[in-house]
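Listed below are the residues making up each chain.
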Amino acid sequence: MNGILIIAHAPLAHALRSCAVHVFPDCEEALAAIDVQPNLPPEETLATARIAIDQLTRSGRHQGVLVLTDMFGATPSNVAQKLVDGVSSRLITGVNLPMLLRSVCYRHEPLDALVSRAVVGGTQGVMQVALTAPQNQPRRPNEHPNHDDQQ
């Protein structure tokens, strides 16, 4: 089983963790969060992140750690890049709730498979939703009226 560490601008990391624990209460000990404060030097955040990763792996229950950050190039991502070794931990930026929930669901899979599932979950979770139901949307000028779909 893998642990999951969220590093994001305050208060996003703890908010995402709270959402995941709300949906999956059994994931609480596998999920850690670090909120990056605007006035804190990156070195302090890195030290905190090293402690968090150590706590996730020290127990022996978690073989690897998936690190999720909010935005590439920002402080959380830069800290995480120094933290991740590529062997027992992986880094994904652009975390969203669908990505996190997918990660929690598949945390028992090998780390590489977990990364793939997390990325797919994050991208599939982003979609444009129509303002009105399809049957209430106006027809296009060249569209023929088709009543086959009515029951």
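Predicted model, so just to flag it, every value in this text is computed and none were measured. (Residues numbered from 1 in each chain as written. Predicted model: local features only at pLDDT ≥ 70, side-chain atom pairs only at ≥ 80, totals over all residues. Heavy atoms only, no water.)

**What about helix α3 (residues 75–83)?**
Stage number 1. When we look at burial in α3, the residues that qualify are P76, S77, V79, A80 and L83. Take α3 and look down its axis: the buried residues cluster within an arc of 160°, on one side only.
Stage number 2. Next to the buried residues of α3 lie β1 (2–9), β2 (31–36), α2 (42–58), β3 (64–69) and β4 (89–93). (Buried < 20%, exposed > 50% of the residue type's maximum accessible area, 1.4 Å probe, protein only. Helix = DSSP H or I, 4+ residues; strand = E, 2+ residues; numbered from the N terminus. Arc of directions from axis to C-beta. Contact = heavy atoms within 4.5 Å.)

**Observations concerning the packing of α2 against α3**
Stage number 1. At a minimum axis distance of 9 Å, the contact between α2 and α3 shows a crossing angle of 55°. Looking at the two axes, α2 sits oblique to α3. The handedness of the crossing between α2 and α3 comes out as right-handed. On α3, the residues touching P42, T45, L46, A49, R50 and I53 of α2 are T75, V79, K82 and L83. (Axes fitted to C-alpha atoms, helices over the stretch in contact; angles between N-to-C directions. Parallel < 35°, antiparallel > 145°, perpendicular 65-115°, else oblique. Left-handed = near helix turned anticlockwise from the far one by under 90°.)

These values are about where atoms sit, not about what they do.
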